[in-house]
Amino acid sequence: MPDTLDELLTRAKEIRKDILKMTTEAGSGHPSSSMSAAEFVTALYFGGFLRYDVKNPHWADRDRFILSKGHAAPVLYSAMAEAGYFPKAELMTLRKLGSPLEGHPNMVRLPGIEASTGSLGQGLSLGVGHALAARVDKKDYHTYVMTGDGELGEGQVWEAAASAAKYKLDNLTLIVDRNHYQQTGAAEDVLNMDPIDGKFTAFGWKTQVINGNDMGEVVKALERARAVKGQPSCIVSLTHKGQGMLKLLAKLGDLNFHGKPMPAKNLDEALAEVSAS
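Presented here is a report on the structure given in the accompanying data block. Since the model is a prediction, treat every value here as computed from it, not as a measurement.

Further remarks concern the sheet that holds strand S7 (residues 233-238). With respect to topology, five strands assemble into an open sheet ordered S1-S2-S3-S7-S6, the strand pairing being parallel. The open sheet terminates on both sides in strands that have one partner only, identified here as strand S1 (64-67) and strand S6 (206-211). In this sheet, neighbouring strand axes are inclined to one another by 20° on average, regardless of whether the strands run parallel or antiparallel. Judged from the six bridges that link them, strand S2 (residues 143-148) and strand S3 (residues 172-178) form a sheet pairing that is parallel. Bridge pairing in S3 places Thr-147 opposite Val-176.

Attention now goes to the environment of Asp-149. Here Asp-149 is to be found in the loop between S2 and helix H6 (155-166). Beyond its immediate sequence surroundings of up to four residues, Asp-149 is in contact with Val-176, Asp-177, Arg-178, Asn-179, His-180, Tyr-181, Ala-187 and Ile-196. Here Asn-179 takes part through its backbone nitrogen, which lies 3.2 Å from a polar atom of the side chain of Asp-149.

On to the pairing of S2. Among the six residues that make up S2, six are buried, leaving the element largely enclosed by the rest of the structure. Residue alternation in S2 divides its side chains into two sets, Thr-143, Val-145 and Thr-147 and Tyr-144, Met-146 and Gly-148, and both sets are buried. Of the pairings in the sheet, the one linking S1 to S2 comprises four bridges and is parallel in character. By the bridge assignment for S2, Phe-65 is matched with Tyr-144. With H6 bridging S2 and the parallel S3, this β-α-β connection has right-handed handedness.

On to the nonpolar core. If you look at the biggest cluster of nonpolar residues, it comprises 55 residues, and the most contacted ones within it are Leu-20, Leu-44, Tyr-45, Phe-65, Tyr-77, Phe-86 and Leu-222. Elements with a minimum of two residues in this core: helix H1 (5-26), helix H3 (38-46), S1, helix H4 (73-83), S2, helix H9 (215-227), helix H10 (246-252) and helix H11 (264-276). Looking at this core, the element that brings in the most residues is H4, giving eight residues. Every residue in contact with Phe-65, bar those within four places of it in the chain, is listed here: Val-41, Leu-44, Tyr-45, Leu-50, Leu-76, Glu-114, Tyr-144 and Met-146. Trp-158, Ala-161, Leu-174 and Met-193 belong to the second largest nonpolar core, which has 23 residues in total.

Spanning 14 residues, helix H5 (residues 123-136) covers 20 Å between terminal C-alpha atoms, matching the ideal 20 Å at 1.5 Å per step. Buried within H5 we find Gly-123, Leu-124, Gly-127, Val-128, His-130, Ala-131 and Ala-134. With its buried residues spanning 165° around the axis, H5 presents them on a single face. Turning to H5, the residues buried within the fold contact S1, S2, H6 and S3. Positive phi shows up at Lys-138, right after H5, with a value of about 55°.

Before going further, it helps to examine the side chain of Thr-23. One can find Thr-23 in helix H1. In this structure Thr-23 comes out as buried when scored by relative accessible area, which is 0%. At 2.7 Å, the side chain of Thr-23 forms a polar contact with the backbone oxygen of Ile-19. Here Thr-23 is in contact with Ser-28, Gly-29, His-30, Pro-31, Pro-74, Leu-94 and Pro-261, once residues within four sequence places are set aside.

Here the focus is the packing of aromatic side chains. Under the criterion given, the structure shown has seven aromatic pairs. Here the aromatic rings of Tyr-45 and Phe-46 are separated by 6.4 Å at their centres, their planes lie at 45°, and the arrangement is tilted. With a relative accessible area of 7%, Phe-46 lands in the buried category. Between Tyr-45 and Tyr-52, the ring centres sit 5.4 Å apart and the planes meet at 55°, which makes this aromatic pair tilted. Exposure remark for Tyr-45: the relative accessible area of 6% places this residue in the buried category. The rings of Tyr-45, Phe-46, Tyr-52, Phe-65 and Tyr-85 are connected pair by pair, giving a single aromatic cluster. The side chain of Arg-11 reaches across the aromatic face of Phe-46, ending 4.1 Å from its centre. When the ring centre of Tyr-141 is taken as reference, the NZ or CZ atom of Arg-64 above it lies at 3.7 Å.

With that settled, consider the side chain of Gln-208. Along the chain, Gln-208 turns up in strand S6. Residue classification places Gln-208 among the buried residues on the basis of a relative accessible area of 14%. Of the polar contacts made by the side chain of Gln-208, one reaches the side chain of Arg-224; its length is 2.8 Å. Once residues lying within four places of it in the same chain are set aside, the contact partners of Gln-208 are Ala-221, Arg-224, Ala-225, Ser-233, Cys-234, Ile-235 and Val-236.

Calculation rules
- Residues numbered from 1 in each chain as written.
- Predicted model: local features only at pLDDT ≥ 70, side-chain atom pairs only at ≥ 80, totals over all residues.
- Heavy atoms only, no water.
- Pairing = 2+ DSSP bridges.
- Helix = DSSP H or I, 4+ residues; strand = E, 2+ residues; numbered from the N terminus.
- Axes fitted to C-alpha atoms, helices over the stretch in contact; angles between N-to-C directions.
- Contact = heavy atoms within 4.5 Å.
- Polar contact = N/O pair within 3.5 Å; in protein donor to acceptor, adjacent residues only side chain to side chain.
- Buried < 20%, exposed > 50% of the residue type's maximum accessible area, 1.4 Å probe, protein only.
- Right-handed = clockwise from strand over helix to strand, strands pointing away.
- Core = buried A, V, L, I, M, F, W, Y, C linked by side-chain atoms within 4.5 Å.
- Expected span 1.5 Å × (residues − 1).
- Arc of directions from axis to C-beta.
- Phe/Tyr/Trp six-rings, centres within 6.5 Å; stacked < 30°, edge-to-face > 60°.
- Lys NZ or Arg CZ within 6 Å of the ring centre and 35° of its normal.

Below is the structure:
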């Protein structure tokens, strides 16, 4: 049975705690980029939207989730551990020599990963391929792709967007994690892609804009997306980078906090803020 809303909220908190602990243990990683996406990843895996079998990760009829923003791998690994793909204790091996939990998802090393990502801008093209394959194979599985907002500056994203609309891929849902930051600063300052929803609408997608850190809105948005017929669906998810520890990030003077773990001396404070959020 899918989790209730309260259960989803509890899981999202645990996933955020895992993200903090595993990246601090690793001494590297992208906790803030992972934490902005926690609601959507939690809802997909535990809200009844993603069909999967942890005992048969290559099941032909499974739904697909492609994390195009592969540097946010900790949120995916935590959800997979929660789901039972591997023991939760293995999360603490993140980025360590010999661990299948690499800094970016590697489908060769870890069953349950649908695509090796991290070279930004490629995930939606992969998703289009999966969605077309489902049609060819007469399968009813659904493909979800999550991109960051910064990677929308890659031209390949828009080639994929045009292709998805051309082929009317209503078995494809894109989630744009719009946390307003990328590696070098605010996404709007690096390359302003607004209005993101307007661009996808113009490309022929059914588009909605929601508060992606509100679990209730996330669940409703996914329900609406699955009901769309005759065109691909895009959810522009307005989020906060580092959601769950925003007060601490403000105190540390870095709301982007890109590509670095929480220092061990601040970890307990970060975990306490997540628990209270």
